[in-house]
Amino acid sequence: MPGAGLCSCWGGRVLPLLLAYVCYLLLGATVFQLLERRAEAQSRDQFQIEKLRFLENYTCLDQRALEQFVQVIMEAWVKGVNPKGNSTNPSNWDFGSSFFFAGTVVTTIGYGNLAPSTEAGQIFCVFYALVGIPLNVVFLNHLGTGLRAHLATLKRWENKPRRSQILQLLGLALFLTLGTLVILIFPPMIFSHVEGWSFGEGFYFAFITLSTIGFGDYVVGTDPSKHYIAIYRSLAAIWILLGLSWLALILSLGPLLLHRCSQLWLISRGLNFKEGGAPGTDGLPRPQKISISA
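Residues numbered from 1 in each chain as written. Predicted model: local features only at pLDDT ≥ 70, side-chain atom pairs only at ≥ 80, totals over all residues. Heavy atoms only, no water.

*Asks:* How do you make sense of the overall build of the protein when you look at a structure like this?
*Replies:* From N to C terminus, the protein includes 7 helices and 0 strands. Counted from the first residue to the last, the protein has its helices and strands arranged as α-α-α-α-α-α-α. Considering the protein as a whole, with its 294 residues, one finds that 28% of them fall into the buried category. Sequence-distant contacts, at least 24 apart, represent 59% of the contacts inside the protein between residues at least 6 apart. When the accessible surface of the protein is totalled, it reaches about 20,000 Å², and 68% of it is carbon and sulfur. (Helix = DSSP H or I, 4+ residues; strand = E, 2+ residues; numbered from the N terminus. Buried < 20%, exposed > 50% of the residue type's maximum accessible area, 1.4 Å probe, protein only. Contact = heavy atoms within 4.5 Å. Areas by Shrake-Rupley, 256 points an atom, 1.4 Å probe, with all protein chains shown as cover.)

Written out as structure tokens, the structure reads:
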């Protein structure tokens with residue numbers, strides 16, 4: 001009966017997955033609370049102490065005037081205006097910054113430190129995202145498909161001598177390693193140098209960005225005390241697109257590379273695959289062909 005089949009599917013697959021999902025969320029909530037709550041309380045107390053010291057040093061101000069000034073600062077921050085510096089700070093809406101913002105919209109990163117404040121800008125952002133987000137998904141999907149088609153020669157690896165297979169695997173592993181250094185290691189080093197961050201903070205920014213989480217606690221090109229080149233944020237946006245494309249490549253090649261490595265290791269140990277396969281010229285079984293689309 002359909003009802004029985006639905007119950008069986010719910011009890012056999014969906015329910016354990018749902019329980020694991022909820023438990024993972026509860027675990028994350030517990031750990032984050034333990035790690036961050038005390039630091040938040042210390043920051044809140046320190047802020048209150050600094051306000052009291054400010055009022056003691058400037059007796060012409062009262063508590064109400066100070067709270068109003070803090071409110072003005074918060075409103076400015078929400079609108080993307082950095083309270084530090086003066087009116088000569090670089091614009092958040094020059095072409096480079098606007099290009100960076102457009103990239104964060106279509107990639108759904110959304111740092112939250114900058115957003116349209118005009119009604120026309122908000123309306124345009126809605127329609128721009130409605131078109132740009134699917135376009136970005138289609139682009140990444142087609143990129144992954146194109147890479148899989150370009151690497152279809154991997155299907156014929158089992159028709160080559162074992163030495164040639166090992167050399168090709170090593171070449172592919174070296175290519176992925178160098179690409180990872182260029183996309184995921186060197187950019188955090190550059191961001192750390194330019195922004196004055198530690199390498200850990202730079203790597204944290206890179207991971208949060210390329211995973212499209214985008215907390216907004218670390219954003220490039222927002223320090224008014226620094227003089228950035230005009231295309232700095234545009235280059236950062238291009239790096240984001242390249243990084244997402246590289247992740248699509250890794251997701252396509254990673255499982256296949258690991259599978260080939262395990263097959264070669266088993267063949268080198270002289271083990272027989274249960275899947276079978278015609279024995280090769282060296283007397284050892286050849287692995288079955290694995291579809292790239294898998």
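Resuming the write-up.
*Asks:* How should empty space enclosed by the protein be read in this particular structure?
*Replies:* This structure, assessed with the given rule, holds 1 cavity of 30 Å³ or more. Tallied by class, the residues present in the lining of the largest cavity amount to 6 nonpolar, 2 polar and 1 charged. (1 Å grid on protein atoms, 1.4 Å probe; cavity = no way out; pocket = protein on both sides within 12 Å on 5 of 7 lines; lining within 4 Å. Points joined across faces, edges and corners; volume = space filled by probe spheres on them. Nonpolar A, V, L, I, M, F, W, Y, C, P; charged D, E, K, R; others polar.)

*Asks:* Explain the layout of surface pockets to me, please; I cannot follow it from the model alone.
*Replies:* As a volume, the second largest pocket reaches approximately 240 Å³. Lining the second largest pocket are Val182, Ile183, Phe186, Pro187, Ile190, Phe191, Tyr232, Leu235, Ala236, Trp239 and Leu242. Listing elements by their share of the lining of the second largest pocket, those giving two or more residues are α5 (162–195) and α7 (232–268). Among the elements that line the lining of the second largest pocket, the one with the most residues is α5, at 6 residues.

*Asks:* Can you walk me through helix α6 (residues 199–210) in this structure?
*Replies:* Taking 1.5 Å of rise per residue, the 12 residues of α6 would be expected to cover 16 Å, and the 16 Å separating its terminal C-alpha atoms lies within 8% of that figure. All buried positions along α6 are accounted for by Gly202, Phe205, Ala206, Ile208, Thr209 and Leu210. (Expected span 1.5 Å × (residues − 1).)

*Asks:* Hey, could you run me through the confidence of the model for the protein in this one?
*Replies:* Close inspection of predicted coordinates is inappropriate for parts of the model with low pLDDT. Across the protein, the average pLDDT comes to 79, with 80% of residues at 70 or higher. Every residue in residues 277–294 scores below 50 in pLDDT, and together they form 42 contacts with partners more than four places removed in sequence or on other chains. (pLDDT = per-residue confidence, 0-100.)

*Asks:* Sorry if this is basic, but what is going on with the side chain of lysine 51 here?
*Replies:* Relative to the elements of secondary structure, lysine 51 occurs in helix α1 (residues 2–57). If we ignore the near neighbours within four places in the chain, the residues touching lysine 51 are Gln63, Leu66 and Glu67.

*Asks:* What should I look at first to understand the pattern of salt bridges in this one?
*Replies:* Two side chains carrying opposite charge are able to pair once their charged atoms lie near each other. This structure, assessed with the given rule, holds 3 salt bridges. Here arginine 53 makes a salt bridge to glutamate 50, at a shortest N to O gap of 3.4 Å. Pair noted here: arginine 53 and glutamate 50 are both in helix α1, with a separation of 3 residues, about one helical turn. Classification of arginine 53 by relative accessible area gives partly exposed; the value is 46%. Taking the shortest distance from any N to any O, the salt bridge between lysine 51 and glutamate 67 comes out at 2.6 Å. Taken together, the positions of lysine 51 in helix α1 and glutamate 67 in helix α2 (residues 63–78) put the pair 16 residues apart, joining distant regions of the chain. Assessed through its relative accessible area of 33%, glutamate 67 is described here as partly exposed. (Salt bridge = Lys/Arg side-chain N within 4 Å of Asp/Glu carboxyl O.)

*Asks:* Explain a nonpolar patch on the surface to me, please; I cannot follow it from the model alone.
*Replies:* Residues Leu174, Leu178, Leu181, Val182, Phe186, Met189, Phe199, Phe203, Tyr204, Phe207, Ile213 and Phe215 make up a contiguous nonpolar surface patch of about 1,100 Å² in total accessible area. Among the secondary structure elements, those contributing two or more residues to the nonpolar patch are α5 and α6. With 6 residues, the top contributor of residues to the nonpolar patch is α5. Among the structural elements, phenylalanine 199 can be located in helix α6. (Patch = residues over 30% accessible without salt bridge, like charges linked within 9 Å, V, L, I, M, F, W, Y side chains within 5 Å.)

*Asks:* Quick question: what am I supposed to make of the nonpolar core here?
*Replies:* For soluble globular proteins, the rule of thumb is that nonpolar side chains tend to be buried together. Counting 25 residues, the largest nonpolar core has Phe100, Tyr111, Phe191, Phe205, Val220, Trp239 and Ile240 as the members making the most contacts within it. Looking at this core, the elements with two or more residues in it are α5, α6 and α7. If you tally residues by element for this core, the top one is α7, at 11 residues. Leaving out residues up to four positions away in the same chain, phenylalanine 100 has contacts with Tyr111, Val219, Val220, Arg233, Ala236, Ala237 and Ile240. (Core = buried A, V, L, I, M, F, W, Y, C linked by side-chain atoms within 4.5 Å.)

*Asks:* How should the packing of helix α3 (residues 95–106) against α7 be read in this particular structure?
*Replies:* Working note: a packed helix pair is described by the angle between its axes plus the distance between those axes. Their axes nearest at 7 Å, the elements α3 and α7 cross at an angle of 20 degrees. As summarised for this structure, α3 and α7 are arranged roughly parallel, according to the angle between their axes. Every pair of crossing elements has a handedness; the one defined by α3 and α7 is left-handed. Counted together, Gly96, Ser97, Phe99 and Phe100 of α3 and Arg233, Ser234, Ala236, Ala237, Ile238 and Ile240 of α7 form the full contact between these two elements. Among the residues forming the contact of α3 with α7, the class breakdown is 6 nonpolar, 3 polar and 1 charged. (Axes fitted to C-alpha atoms, helices over the stretch in contact; angles between N-to-C directions. Parallel < 35°, antiparallel > 145°, perpendicular 65-115°, else oblique. Left-handed = near helix turned anticlockwise from the far one by under 90°.)

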